[in-house]
Each structure stands twice: as structure tokens, then as C-alpha cells.
Amino acid sequence: MGVTLQTGGTPQQPARPPPLLMTKLHPPAGREQTVLRVRLVKRLQAPAGTKLTALAAPAGYGKTTLLGAWRELQAPQQPIGWLTIDEGDNDPAVLWSYVTAALAEACPELEARAIPDHIDAATIVDVVLPELINALAAFGPAALVLDDFHELTSGPARDSLAWFIDRVPSTFQLVIATRSEPGLSLGALRAHGELLELRAAELGFDATEATALLNDLLGLGLEREQVEALVERTEGWPAGIYLAALSLQAAPDRSELVSRFSGGNRHVVDFLVDEVLNHHDPDVQTLMLRSSILGRMCGPLCDAVLEQEGSAGRLRELARTNLFLVPLDDRGEWYRFHQLFAQLLRVELEHRDPGLAPTLHRRALAWHREHGTIEEALGHAFGAESVEEPPVRTGPTRGQADLSEREVVVLRMLTGPLSERDIGRELYLSHNTVHSHTRSIFRKLGASSRSEAIRKARSAGLI
Amino acid sequence: MAATYRIVVRGEIDDRFAFLFNGMRMERVEGTTVLTGTVVDQAQLHGYIDRLAELGLDLIRIEQLGELVGLARWASTQGKGKE
């Protein structure tokens, strides 16, 4: 999943244009508990003539982990740039600035020019991309991973990428990971034998991989039939198998849990969330549930939200044993929950402590105010009012563009480093709701990109 | 346009998940879960589909049962998603 947040605790005054976020240019650090999936790493050694490798599968199929491992193994033979796409990359100038930075980091000798600010899409396709293609042809074997490709919606940025794929030299390999169809006319690439596709069916765990995780790495000592039952029940969905592993680690009677799990009709996540939580000490359970409202977290922030002490140590300990708590830095300071897991925890929080979430948001708001992290403070201001989505009203008029209060909040958050999805998480809104606010803001301001909207709003004194 | 929708997903999920779908009614029928309720507009419907995907739930069917008119439509815009 995309890590697009800067990981310091200092206030961020976004410059114009926004600075490059270096966390976008690296995969999350490799973790001990992951299985090296040899059959898939081999599949990624694409045959000559492959222009595009596409990993297309829903959340929790281990796409990012697989590509991170492949990149590390390949590094001696071939430089591989990494870019985690977010919603901001729908502006072609932003996208290609990041692509150039990612390639420059992997291939320092590549002769690629920096992308000028506020360049239009036509100039990128006419001038910048041909130069980049020539530079790549001169450079030799190289690859680029675009993770979270689904964040690119239809529009000039994705069109420019499609144009690029058509013309890349045969020594270059573009690899994308996406949750939805990438919209890159895969049909034509497939027909020409230029496409390598790995989909959910292939990305799912087979019994060998599940055994490697459950028995070899986690030492659960399951029988072959039990592993097979788990794989069948989860249909190989890696997130489901890992949830099962977490439940089994602390279960007093593993075979009882396996048979109860494989016998029922309840959905994997529904069945397992209780099991996973109940095996932790009560204070760790409280930490997991109550910090699930946070987009990212550190010890002091959790202490403030939980009104207790010792969260930093509990977070560090939890991250050691739970892959769903993702470290955002190598200092063990900032973390975030895997999106799927955070969602499950929020459901459980509302179930166990109905109506507590607004109070937690209020405490997070106070902490962020004190520490100057403005965008996140605003996010919790919304959460503090109500966890439900208030009706969107045409609020009080703010300036001639007539933005509603909520649109102003979204627009202010758009000036920061957060993607629409992150903003949605912060505001407790769906990604689509944030997206429709953004579209409405663009329409009202007559803007076609995030940076243009911010520019116009600033010059109109709206933000 | 506000309308009543029925969404069917594979796997049985507990009522507590209704919280993510503004209190849509949930029934579990032979290994599926049926969500029924008012959807304010297409953006909200797509938001619900995104959430189902985030939870790893497979979608089986979505159907519109009827558009809301008059008082029902007015009520659906008053932000009271819960029944």
C-alpha cells in the first residue's frame, strides 16, 4: 500500500509546487515474517519483448511485498526504480517528476532532464518523453515499478503513460501493481505478446507457500490437511491466511480453531478479527482498537489518544509480531495499520465502544494542534464532530468561488502531501466522497489539476 | 439520485459491519450477505463498493429496487442513514 506521508513530526508548509516525497520512491522495508515466493519471482523474469508486467489483484494479495522482494533480488543485474503512485500523480507534471526522480535514484548515470514546473501534458508527450525514451535506450537494461497504479484515474497523466509504454525500448521493463483494471489497453499488448499478467488466481498462496508461512516461519506445526483447509477456506487470499496465522499463534487448541474456521460460512475477516484481538493483552487490544482512527501513529500520539503511557513500546512490540502494523521509518517511531486491518479494527471499536470514536478524534486533534501537523488536525476536527458523514449542504459562501465549508477543508488538505484516499481516511469519508468533493472544487475553481486548484484558491484568498 | 439498493456479497458478515455502510440492513443468507438500504447518490454507492473491496468481499449482485420520490427522498438527504 502507498506510504505517502512524511514521517517527521514537524509542521509542513507545502511549497509550490509540493516537494518530492522521498517515501514514495522506496518500497516498505522487507520484514522477517514474509515468505519469499520463488515461483512468482521467477514469473517476474519476463520474456524478452515484454513491455508491461501487470500485477492486478485486490488488497491483501501481497503485491507490494512480492515486488519489493523481486527488486531486491534483481538489484545486482538490473537497476529498478520504485514509485508508489498516489492521487496527486494524476497531474502529468507531478507524475513525470516522480518517475524521473525514481529512475534517477535507481540509475544515477541515466541522462534524464528534470521536469520543469507547471509544464503542460502536450509538452511532456512531445518533448520530455521522447528524450526520456532515448536516454533509457542509451542506458541499457532497467525497470520501473509503479505501485498502487489504481490511484491513476483516466486523464492526461495515464494517457501519457500509455503513450510511453508503446514506445519504451525493449531493454526497459515497466511493472505495475494495481487493485483495479489499469486502463492501459492491455488487449493490444496481450495480442502482441508484450504483456505479462499476474492476477489474483496466481498471486494467491498455494499449499507450499502457506506451509512456508504457517509452519516454517511462524512455527505453528500444522498438519498438511489443516494447511490445505485454510488455503481452501481463504481461497489462498494471503491477508486471510495471515489473519488465520495470527489467530492460531495464540490459540490454545489449534486444530479446534482450524476446524471451526473451515466449517463455517462466516466471511474470513469477520471470523478472524475477534480471534486476532482476543489473543492480545487487554492493554494491547485497547491500543489497537483506539489507534485505528489514526492515519499514522507514534507512541506519544497514541498515549494522548488513549490517555495512558507506554504506547511506544507496545507499538514496537506489536510491529515485530504483526505485519499489519507497517513501520513508516527505520527509527521505530511512526507506523500505520494496513488498510484492511485498520478497517476491521474500526468496525470492532464501534461495536465494543459505540460513540467513542469522536472523543478519540478530539484527543488526536488536540495533539496534532500542539505539534503543528495541520492537515491531520483538520481531519480529526471532522471526526470529532461526528463519525457519520454529515449531509453535504451548500454551506456559507466563501468568496466568489462559492466553496462549501467542507470543500474548503478538503482543499486545505489537498495542499499537503496526502492522497485523496489518505484524506478520506483522515476525514472518515469514503475515497469516492473525497473524490467528488475534489471534482466539485475543480469545477468551481475552473481548475484541471490539484496544483492549479491550489494556485487559484490561494490567489482568490480562499485558503 | 437517491434510491433503495440491494447489494449481495459472498460470505456472511456480522451486523457490526453495517457501521461502514451507514446502517444498511444486513441479512445473512446461505453463505452470502444481503445489504439493503438507501443510497444517496452514485458517489456513495461507489464508495460502498470500494469498502467491500477493501474488506476482501466478493460482490455477487447489485440492484436498484426503486428510486425515492417525494418525502422519502427528502428524508434521505437529512443525513439519517441509520434506521
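Everything below is about the structure shown above.
These remarks concern the structure in this document.

What follows concerns the overall build of chain A. In terms of regular secondary structure, chain A is built from 22 helices and seven strands. In chain A, which comprises 463 residues, the share counted as buried stands at 57%. In chain A, the proportion of contacts linking residues at least 24 apart, taken out of those at least 6 apart, comes to 73%. For chain A, the exposed surface amounts to about 18700 Å²; the carbon and sulfur share of it is 51%.

At the junction of the two partners, chain A supplies 26 residues and chain B supplies 23 residues. Both sides together, the interface formed by chain A and chain B hides about 2400 Å², and carbon and sulfur atoms give 52% of it. When the buried surface of chain A facing chain B is broken down by residue, His267, Gln343 and Val347 of chain A rank first, second and third, together holding 23% of it. Taken together, the links from chain A to chain B amount to three salt bridges. Across the salt bridge formed by Asp274 of chain A and Arg16 of chain B, the nearest N and O atoms sit 3.5 Å from each other. Applying the counting rule to chain A against chain B returns eight residue pairs in polar contact (both at pLDDT 80 or more). Elements represented by at least two residues in the side of chain A that touches chain B include exactly helix H12 (268-278), helix H16 (339-352) and helix H21 (431-445) of chain A.

This part takes up unusual backbone geometry. Residue and element names in this part refer to chain A. For Ser185, which is not glycine, the phi dihedral falls at a positive 40°. Checked against the element boundaries, Ser185 lands in the loop between strand S4 (172-178) and helix H6 (186-191). Phi angles above zero are rare outside glycine, and Glu235 is one such case at about 50°. Along the chain, the position of Glu235 falls in the loop between helix H9 (224-234) and helix H10 (238-250).

Strand pairing within a sheet occurs via backbone hydrogen bonds; the two strands may be parallel or antiparallel. All names here are of chain B. Taken together, four strands build an open sheet; the order of strands is S2-S3-S1-S4 and the sheet is antiparallel. The open sheet has two edge strands, strand S2 (25-29) and strand S4 (59-67), and neither has a second partner. When strand polarity is set aside, the average angle formed by the axes of neighbouring strands in this sheet is 20°. Direction of pairing for strand S1 (residues 3-10) relative to S4: antiparallel, over a ladder of seven bridges. Pairing of Val9 across the sheet is with Leu59, part of S4. With respect to the sheet, helix H1 (residues 42-54) is in contact with S1, strand S3 (32-39) and S4, its orientation differing from that of S1 by roughly 10°.

Our focus in this paragraph is the nonpolar core. Among the nonpolar cores identified, the biggest contains 103 residues, and Leu55, Leu67, Trp70 and Leu214 of chain A together with Phe17 of chain B are the most heavily contacted of them. Tallying contributions element by element places H10 of chain A first for this core, with eight residues. Once residues lying within four places of it in the same chain are set aside, the contact partners of Leu67 of chain A are Leu44, Leu55, Trp82, Val145, Val175 and Ala177 of chain A. In this structure, Leu95, Trp96, Phe149 and Leu161 of chain A belong to the second largest nonpolar core, which totals 42 residues.

So, on to the pattern of salt bridges. As a working rule, side chains carrying opposite charge can pair if their charged atoms are close by. All names here are of chain A. Inspection of every chain in the model, using the stated rule, returns 29 salt bridges over all chains. Ionic pairing is found between Glu256 and Arg260, a salt bridge with its closest N-O pair at 2.7 Å. In this pair, Glu256 and Arg260 both sit in helix H11 (residues 254-263), four residues apart, roughly one turn of the helix. Note on Glu256: relative accessible area 34%, which makes it partly exposed. Among the ionic pairs, Glu275 bridges to Arg260, the shortest N-O distance being 3.4 Å. Linking Glu275 in helix H12 with Arg260 in helix H11, this pair joins segments that are 15 residues apart in sequence. The exposure class assigned to Glu275 is buried, which follows from its relative accessible area of 14%.

Residues and elements named next belong to chain A. Between helix H4 (residues 121-139) and helix H5 (residues 156-167), the shortest axis-to-axis distance is 10 Å and the interhelical angle comes to 35°. Both H4 and H5 take part in a crossing whose hand is right-handed. Across the interface between the two elements, Ala121, Val125, Leu129, Pro130, Leu132, Ile133 and Leu136 of H4 pack against Pro156, Ser160, Trp163, Phe164 and Arg167 of H5. Here the residues of the contact of H4 with H5 are counted per class, giving 10 nonpolar, one polar and one charged.

Take the pairing of S4 of chain A next. Residues and elements named next belong to chain A. Burial of S4 is extensive: seven of the seven residues sit out of reach of the surface. Both faces of S4 are covered, namely the face carrying Phe172, Leu174, Ile176 and Thr178 and the face carrying Gln173, Val175 and Ala177. Across five bridges, the pairing between strand S1 (residues 52-56) and S4 is parallel. Across the sheet, the residue bridging to Leu52 is Leu174, located in S4. Looking at chain direction, strand S3 (residues 142-147) and S4 are connected through five bridges and run parallel. Residue pairing for S4: Val145 is matched across the bridge by Val175. Since S3 and S4 lie parallel, the crossover through H5 that links them has a hand, and here it is right-handed.

What follows deals with the sheet that holds S1 of chain A. Residue and element names in this part refer to chain A. If you trace the five strands from one edge of the open sheet to the other, you get S2-S3-S4-S1-S5, paired in parallel fashion. On the outer flanks of this sheet lie strand S2 (80-84) and strand S5 (195-199), each paired with one strand and no other. Neighbour to neighbour, the strand axes of the sheet diverge by 15° on average, direction disregarded. Of the pairings in the sheet, the one linking S1 to S5 comprises five bridges and is parallel in character.

Moving on: a nonpolar patch on the surface. Residues and elements named next belong to chain A. A cluster of nonpolar side chains, namely Leu36, Val38 and Leu73, defines an oily patch on the protein surface of about 260 Å² accessible area. Counting through the fold element by element, Val38 comes out in helix H1 (residues 38-43). Val38 sits in the partly exposed class, given a relative accessible area of 43%.

Parameters and conventions
- Residues numbered from 1 in each chain as written.
- Chains lettered and ligands numbered in written order.
- Predicted model: local features only at pLDDT ≥ 70, side-chain atom pairs only at ≥ 80, totals over all residues.
- Heavy atoms only, no water.
- Helix = DSSP H or I, 4+ residues; strand = E, 2+ residues; numbered from the N terminus.
- Buried < 20%, exposed > 50% of the residue type's maximum accessible area, 1.4 Å probe, protein only.
- Contact = heavy atoms within 4.5 Å.
- Areas by Shrake-Rupley, 256 points an atom, 1.4 Å probe, with all protein chains shown as cover.
- Buried area = accessible area lost by both parts, 1.4 Å probe.
- Salt bridge = Lys/Arg side-chain N within 4 Å of Asp/Glu carboxyl O.
- Polar contact = N/O pair within 3.5 Å; in protein donor to acceptor, adjacent residues only side chain to side chain.
- Pairing = 2+ DSSP bridges.
- Axes fitted to C-alpha atoms, helices over the stretch in contact; angles between N-to-C directions.
- Core = buried A, V, L, I, M, F, W, Y, C linked by side-chain atoms within 4.5 Å.
- Left-handed = near helix turned anticlockwise from the far one by under 90°.
- Nonpolar A, V, L, I, M, F, W, Y, C, P; charged D, E, K, R; others polar.
- Right-handed = clockwise from strand over helix to strand, strands pointing away.
- Patch = residues over 30% accessible without salt bridge, like charges linked within 9 Å, V, L, I, M, F, W, Y side chains within 5 Å.

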